[in-house]
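Residue strings, one per chain:
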Amino acid sequence: MSYNVREHSYVVGGLGMTGQACVRFLLQKQATVKAFDTRANFTAPADLNGDLEPDMQAFMAEKVTCNALSADFFDGVDTLVLSPGLALNIEQVSLAKTCGVEVIGDVELFARLNISNSSNTPAKRVVGITGSNGKTTVTLLVNHLLNACGVKSIEAGNVGRPVLEALESDADVVVMELSSFQLETTSSLVLEAATILNISDDHLDRHGTLEAYVDAKHRIFDNAKSAIVWRDGEFVAPDEHLLVEANDNLSPVSDTYLSETPHIEKQGAQYIIEYGLGESSSGFSIATFEDDGKPCIAFNGEKLIALSDIHLAGMHNVLNIMAALGICLKLGVTPQAAVKYLHSFKSAPHRCVEIARVNNVRYIDDSKATNIGATIAALEGIGPTIDGKLILIAGGDAKGADMASLAPYLNQHVFHVFALGKDAHLFEESFAHTTRVATMKDAVKAAIRVAAPGDTVLLSPACASLDMFKNYMHRGDTFKQDVYDLHNMSLEAVL
């Protein structure tokens, strides 16, 4: 049965980018909608684009409240569409639930609307990607490979494009990056393939415990037809009963390849594709072959690409590539076809990107490393590949994470840490070779003094950025600007 937004009355909670996209969509569909924002100083955005601009301006002026809510606010309302930046335990959500209002997110609204009404409007095929680290890279990589191989796809979700915009696109496939915050309010999203790339301590200030965080992530498997699983990862495999029985909805790739790909594991109608950095005769693995003896990514024992031919830095990116290839397989694109287009993929900014090389010292921006697991991945991915010293710039808001768990990796790979921000002291407590600094410029200046030819200066904070910066992008841009300023370089300089 189709879901008709005109039959419901909505409140949108939170008017950041996601909330504004929800309002635009619901107004366009002529739904009954109003909104609240928890920021007392909230003001409507000055630059509203598109045909709905007059409607949005009127909505912001007349239908938004930033005051405390009463039960009357939810009279006649049946659905609260909550932005992922707002927690489920805030008083506005508790009040809505008390008033009998259902609480969902924009991803759940997408799921209810993504239903085929006729042969002319088929439902979009959707894949979901989550994890503590690497999910944006994998989302963008999957989208790149699919389009390069002739599958019309679009990326959406936590990657930046609101999912409801993807619903309105002409794409056949939606590649969704899903955060734990988005998954908390999602219950009926059907996925061709789902993956949890990895799990590490993150967002414990929001979820409270690692167990609650893992539970939120695992909601991605609730209606998934298949799973792409890192065989050596913790907490990343679905419970066996969670993959839906897909006998009547098998994608063509499943039927075509099932008899010839033993890497697809059949459990009733459940399909799991595994990958990892060890040797394996099934799924994706690392192997060497007699023709050249180079370590390669292999698929079901067959060579795909030599590691030396991959331009994405670090072994963590090898895992990301494997996960992306597995997802593409579930959408009908063979690994052999997809791997040909790896070379044309450009990684997203602030994810282990070299931003300068001066006097044979490399400067790498990994500002997106907002948790311990991401920094561990960077250290393990880059540390073994360099000949000189690794100098780390880190710190910020640790979000309640135990920084002591980073200590073994610092001891193994790092020469010195320059720590800044709210929780800089945690690095001092965990690693003896730590110096606390006040600003990013101080950190870069100190790193330049210590660095010698052949060394690498890595910004990989292991912390959130909001204690000192607007966001992780601002932090990475500041790092780059400071590196260039202190070396008297132009930002337009070609590396």
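Student: With reference to specific residues and values, describe the overall build of the protein chain.
Tutor: When you go through the protein chain residue by residue, the secondary structure sums to 17 helices and 21 strands. Across the 495 residues of the protein chain, 55% fall into the buried class. Within the protein chain, counting contacts between residues at least 6 apart in sequence, those at least 24 apart form 67% of the total. In the form shown here, the protein chain has an accessible surface area of approximately 21200 Å², with 47% of it arising from carbon and sulfur atoms.

Student: With reference to specific residues and values, describe unusual backbone geometry.
Tutor: Phi at Q30 takes a positive value of approximately 60°, unusual for a residue other than glycine. Tracing the sequence through the fold places Q30 in the loop between α1 (17-28) and β2 (32-36).

Student: Go over the sheet that holds strand β5 (residues 102-104), please, and point to the residues and values.
Tutor: By way of backbone hydrogen bonds, the strands of a sheet pair with one another, either parallel or antiparallel. As summarised here, the arrangement of the five strands in space is β3-β2-β1-β4-β5, forming an open sheet in which the pairing is parallel. Edge positions in the sheet fall to β3 (64-65) and β5, since each has one partner strand and no second. Direction of pairing for strand β4 (residues 79-82) relative to β5: parallel, over a ladder of three bridges. Its bridge partner lying in β5, V81 is registered against I104.

Student: Talk me through the sheet that holds strand β20 (residues 434-436); I want residue IDs and the actual numbers.
Tutor: In space, the six strands of this open sheet follow the order β16-β17-β21-β18-β19-β20, with mixed pairing throughout. Only two strands of the sheet have a single neighbouring strand rather than two, namely β16 (353-358) and β20. Sheet twist, expressed as the mean angle between neighbouring strand axes with direction ignored, is 20°. The strands touched by helix α16 (residues 440-450) are β17 (361-365), β18 (390-394), β19 (416-419) and β21 (456-459); relative to β18, the strand with the most contacts, the crossing angle is about 170°.

Student: Describe the environment of N471, naming the residues involved and giving the relevant values.
Tutor: Tracing the backbone shows N471 in the loop between β21 and α17 (472-486). Here the alpha-carbon distance between N471 and S367, two residues 104 residues apart in the chain, equals 9.4 Å. For N471, the residues in contact, after removing those within four places along its chain, are S465 and L466. There is a polar contact of 3.1 Å between the side chain of N471 and the backbone nitrogen of M473. A distance of 2.8 Å separates a polar side-chain atom of N471 from the backbone nitrogen of H474.

Criteria and thresholds
- Residues numbered from 1 in each chain as written.
- Predicted model: local features only at pLDDT ≥ 70, side-chain atom pairs only at ≥ 80, totals over all residues.
- Heavy atoms only, no water.
- Helix = DSSP H or I, 4+ residues; strand = E, 2+ residues; numbered from the N terminus.
- Buried < 20%, exposed > 50% of the residue type's maximum accessible area, 1.4 Å probe, protein only.
- Contact = heavy atoms within 4.5 Å.
- Areas by Shrake-Rupley, 256 points an atom, 1.4 Å probe, with all protein chains shown as cover.
- Pairing = 2+ DSSP bridges.
- Axes fitted to C-alpha atoms, helices over the stretch in contact; angles between N-to-C directions.
- Polar contact = N/O pair within 3.5 Å; in protein donor to acceptor, adjacent residues only side chain to side chain.

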